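# Structural description and commentary
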2 protein chains.
Amino acid sequence: MTTCAPELLSLFVAYGTTHESPDVERAVMDGLARFFAARPGEADSADDLGRRFADSHMPSGATVEAYLRYLFDDVVPHSVPVHSPHFMGHMTSALPSFVAPLGRIMTALNQNVVKLETSNAFTFYERQALAILHRLVYGRDQAFYDAHIQHTESTLGMLASGGTLANLAALWCARNVRLGPKGDFAGVRVEGMTEALRAYGCQRAVIVASSAAHYSLDKAVDLLGLGRSALVKVPTTHGGSIDLALLEEALAQCEREGSLVLALVGVAGTTETGAVDPLSPMADLAEAHHCYFHVDAAWGGPVLFSEKHRGLLDGIARADSVTIDGHKQLYAPMGIGTVLFRDPETARAIETNASYIVRGGSPDLGRRTLEGSRPAMAIYLHGALHIIGRNGYRSLVEEGISKAAFLARTIESRPELELLAEPQLNIVVYRFIPKALRERVQARSLDRDGNDSINELNQRLQEAQRDGGASFISRTTLRGTRYGADVPVVVLRAVLANPLTSRDDILAMLDEQIALGDCLAG
Amino acid sequence: MTTCAPELLSLFVAYGTTHESPDVERAVMDGLARFFAARPGEADSADDLGRRFADSHMPSGATVEAYLRYLFDDVVPHSVPVHSPHFMGHMTSALPSFVAPLGRIMTALNQNVVKLETSNAFTFYERQALAILHRLVYGRDQAFYDAHIQHTESTLGMLASGGTLANLAALWCARNVRLGPKGDFAGVRVEGMTEALRAYGCQRAVIVASSAAHYSLDKAVDLLGLGRSALVKVPTTHGGSIDLALLEEALAQCEREGSLVLALVGVAGTTETGAVDPLSPMADLAEAHHCYFHVDAAWGGPVLFSEKHRGLLDGIARADSVTIDGHKQLYAPMGIGTVLFRDPETARAIETNASYIVRGGSPDLGRRTLEGSRPAMAIYLHGALHIIGRNGYRSLVEEGISKAAFLARTIESRPELELLAEPQLNIVVYRFIPKALRERVQARSLDRDGNDSINELNQRLQEAQRDGGASFISRTTLRGTRYGADVPVVVLRAVLANPLTSRDDILAMLDEQIALGDCLAG
């Protein structure tokens, strides 16, 4: 009778015990302490890093201690301090410290929330967290929540591994609802896109959003069999939100050419500039054109916590579905997207059953999720909603918006810098202008060559700052700024979501950029 | 100048420090210890649990300590001991204890592997882990791995949050490769399904797999715009693997009716019975019919670690892509699917770029993944491959298969039980036969009524054992057993993947079932 070797078995036996080995514990804590205390150094080159991870042979085995030494010596020091108050370039932030104990619990329990049998309480716990977010967005009455929060046939929302999947799940619902059964036609879910277009008598089916919408929409129309050309991208105003007049024109054009608009997608907080689309007029248009209305509030959703700013998102409660990311402004770790549905029946359109796992009529969450087996990531969401709470989130959101305004005003006061759009939320886009061109920029007489040279300079500036390692601002290329729809403008992009970033940090980061810019401009 | 309240800020400041508060640490360890030491009690009813999580109001905030008390008092005790050696019903197991420190590191660093700028070393580290698995499956030569392991334009594999997404990503590639650009047609990716069928001159496009394939394929054909009717399900042999003669017939039928076969999917370890499809003859058929060949080895892939058993998967290296789950027989926590590609160019077919996040030509992993922002879950995969290693996995796999054979032989030796299929891997399906019907079962003269009553009895037996809480075996309903293609057979399903499950545990579980069966049969 063979059994596994004792050392191997002991790895598994130890899993259920109370304490990790003190050596392991110490190695982890010391290793993390070294990382968090390290002064940022120069960034590694991709080639150097590639060479470190070039062996593809199956390892023969190692002790936990040896592997941790390897991790902390060879991998962790070459990761990115995304928590740093000086790294203002990404939608990642320092996290609240309670994510560590919650993560410990999640991994130890290793529940699989695809079905009740492997999650039990965590099924209902996840539904509760989603209902709390649903209430934040839709604010239905108590009777509504009493009826639906734990009703097996109701889906107030679903968790996904990120915003991309949340948007995809929403648009999957949109397509299946809009192209549902009709007469002899069993619905797009059963018969596919070609039969659906035939049954609905249209040339093609499209999804309409602004050109600033997230690239997950490009993936979604590809995946859903519509094709990337079926994503109608409407230009934005200079501020980065959808141009309503052009949107009306695009919708009319779709009608003229026999294209069925499956969904209109509004963005509440674009990735590039944090702009919010005018959701209320968009809801009117969606209603008028009988299309599904989805709002991608992956970034901006938590603004709803602030009485002061929530008006920016007016109309969001009229959306058929809303995406909000947990790992962005809900301050949970990576891996949490949510999509909320106004109508608890919507997600029926994507239901799948299987006798061995997700049985029809059961409380199994996997009946109506894009993913199958999933961890109980809801622990981060439920935990953060309860610990940070309403007041904590309000304060985090308001502080970020206030810091962005501070940065915008500072930029305006510096002749070396140009603000490209007034921030609506907590993302600021701007660029460095070399001395020789400042007058022309101020006089609005910059020509294309001048703009190109500023683009090139800002790219080098951003890379130099990144490679220096002391602070980080991201960059992107905007179109549709005041310079015109076809003029690419390379901008520096600051995201002010980290509560540890102070106004002094912001000033120091700008000083560094101006010094770098002056130096690079020669 | 507003700033966040000090208590709120302190949550974030503490994130970067070396040690959690000792109170929090103790609360977590004591809470987990109570859970792991608890004697299983009766299972809670879904209604009772629903009532515990019925409040949807936004919480006002809480201390970490108070939230942990709530978790350990009200949630954790009502979760499922999936790690227990007596829970042999699921594809979850006890985990190696090193997942705790690795999880701690992953959450603390909170890298986002969508792009280099927020992950750096972890981009290359993830590619390395995938290359090791690629080598396990495809075993290409050293020059191949030297050329591709870290080459920006090569994709040996991708990580996904689970097997469902891994299969979806593979079939997304299959569809886009098979319906790629042709003459004036820009490819299904750009123009969608309807134009694709027109360009390729076919009535419909289908995917072919056995009726025992995972339900993620039903989701995939729906999502991809093919429709669920486009999943051609070929019956299985009594053993649960695809019937090759019927498969040939199905492929010929597709040809006759002008259906384009986008992909043939083989299963290496079905969810229900662990059966392995004959991959080598399937590869021949895929070749003959010019279709993409995907193998879903989410469960069975790690059998490749065993020289003794890997012959079962002969032909897998001819697949265009292979799914292997990390959270199944690689013993990583929930949330890790992988898909590996024979041709490093395949995933080009699903590439998406965006100037603000995943730039064309960059090493950014997000260019060719289904998901966008993602955590560095590769830490569990890379860690387990290195710590458990080749010999550890071989031993785990062989031990599971050996225990399944032990269970099968024991079942055969007990007149109260009927084995429904000889296990190929480590999953065993069987049922309890009440005394009154044993002779008829042995004489193969059971009629439909008799079978129905056995089904009903086994359902009650499984539920009674589950509700008792001491041990757990899952159940499913098979069709295509020796009782005929249309006869549903409710079976008990044991999964022998937990290295802590001993042969004595298996015998005790069977004794409990026989006692329950006798009692329920009256």
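## Section: the confidence of the model for chain A
When pLDDT is averaged across chain A, the result is 94; 98% of the residues are at 70 or more. Scored as a complex, the prediction yields pTM 0.97 and ipTM 0.96.

## Considering the relation of the copies chain B and chain A
A rotation about an axis combined with a shift along that same axis relates the two copies of the chain. Turning chain B through 180 degrees and shifting it by 0.0 Å along the axis lays it on chain A, with an RMSD of 0.0 Å. Here the symmetry operator amounts to a two-fold rotation axis. Looking at the interface residues of chain B, 100% of them are also at the interface in chain A, so both copies use one shared face.

## Section: the pattern of salt bridges
All names here are of chain A. Per the counting criterion, the structure on display carries 60 salt bridges over all chains. Arg204 is paired through a salt bridge with Glu257; the nearest N and O atoms lie 3.1 Å apart. With Arg204 in strand 2 (residues 204-210) and Glu257 in the loop between helix 11 (244-256) and strand 4 (259-267), this residue pair connects regions lying 53 residues apart in the sequence. What makes Arg204 partly exposed here is its relative accessible area of 29%. Glu257 sits in the partly exposed class, given a relative accessible area of 33%. Between Glu422 and Arg409 there is a salt bridge; the shortest N-O distance is 2.7 Å. Residue Glu422 is located in the loop between strand 8 (417-419) and strand 9 (427-432), and its partner Arg409 is located in helix 14 (residues 389-413); the two are separated by 13 residues in the primary sequence. Residue class for Glu422 comes out partly exposed when judged on its relative accessible area of 44%. One salt-bridge network, in which partners are shared between bridges, spans Glu153, Glu351, Arg367 and Arg368.

## Description of helix 2 (residues 22-37) of chain B
In a regular helix each residue adds 1.5 Å, so 16 residues correspond to 22 Å; helix 2 of chain B covers 22 Å between its end C-alpha atoms and thus fits that length. Those residues of helix 2 of chain B not exposed but buried are Val24, Glu25, Val28, Met29, Gly31, Leu32, Ala33, Phe35 and Phe36 of chain B.

## Comments concerning the sheet that holds strand 2 of chain A
All names here are of chain A. Read from one edge of the open sheet, 7 strands run 1-7-6-5-4-2-3, paired in mixed fashion. Because the sheet does not close on itself, it has two edges, and the strands there are strand 1 (157-160) and strand 3 (231-234). Direction aside, neighbouring strands of the sheet carry axes that sit 20 degrees apart on average. The sheet contact formed by strand 2 and strand 4 spans 5 bridges and is parallel. Bridging across to strand 4, Val206 finds its partner in Val261.

## Regarding the sheet that holds strand 9 (residues 427-432) of chain B
Residue and element names in this part refer to chain B. On the basis of which strands lie adjacent, the open sheet formed by 4 strands has the order 8-9-11-10 and antiparallel pairing. Of all strands in the sheet, those bounded by a partner on one side alone are strand 8 (417-419) and strand 10 (474-478). Each adjacent strand pair in this sheet contributes to an overall mean axis angle of 40 degrees, direction not counted. In this structure, strand 9 lies alongside strand 11 (residues 489-495), joined through 4 bridges in antiparallel fashion. Within strand 11, the residue paired with Val429 across the bridge is Arg493. Each of strand 8, strand 9 and strand 11 touches helix 14 (residues 389-413); the most contacted strand, strand 8, lies at about 130 degrees to it.

## Notes on the interface of chain B and chain A
The partner chain A presents 170 residues to the 169 residues of chain B that form the contact. Both sides together, the interface formed by chain B and chain A hides about 14700 Å², and carbon and sulfur atoms give 65% of it. Its largest share of buried area at the contact with chain A, chain B owes to Phe12, Met58 and Tyr356 of chain B, together 6% of the area lost on that side. Linking Arg175 of chain A and Asp222 of chain B is a salt bridge whose minimum nitrogen-to-oxygen distance equals 2.8 Å. Of the residues in the side of chain B that touches chain A, the class split is 89 nonpolar, 55 polar and 25 charged.

## Here we look at the pairing of strand 6 (residues 321-325) of chain B
Residues and elements named next belong to chain B. Taken across its 5 residues, strand 6 has 5 buried, putting it largely inside the fold. Neither face of strand 6 is exposed, since Ser321, Thr323 and Asp325 on one face and Val322 and Ile324 on the opposite face are all buried. As judged from the 3 bridges shared by strand 5 (residues 292-296) and strand 6, these two strands associate in the parallel manner. Within strand 6, the residue paired with Asp296 across the bridge is Thr323.

## A word on the environment of Arg140 of chain A
Here Arg140 of chain A lies in the loop between helix 6 (121-138) and helix 7 (142-148). Distance in space between the C-alpha atoms of Arg140 of chain A and Phe87 of chain A is 39 Å, their sequence separation being 53 residues.

What counts, and at which threshold
- Residues numbered from 1 in each chain as written.
- Chains lettered and ligands numbered in written order.
- Predicted model: local features only at pLDDT ≥ 70, side-chain atom pairs only at ≥ 80, totals over all residues.
- Heavy atoms only, no water.
- pLDDT = per-residue confidence, 0-100.
- Least-squares fit on C-alpha atoms with pLDDT ≥ 70 in both.
- Contact = heavy atoms within 4.5 Å.
- Salt bridge = Lys/Arg side-chain N within 4 Å of Asp/Glu carboxyl O.
- Helix = DSSP H or I, 4+ residues; strand = E, 2+ residues; numbered from the N terminus.
- Buried < 20%, exposed > 50% of the residue type's maximum accessible area, 1.4 Å probe, protein only.
- Expected span 1.5 Å × (residues − 1).
- Pairing = 2+ DSSP bridges.
- Axes fitted to C-alpha atoms, helices over the stretch in contact; angles between N-to-C directions.
- Buried area = accessible area lost by both parts, 1.4 Å probe.
- Nonpolar A, V, L, I, M, F, W, Y, C, P; charged D, E, K, R; others polar.

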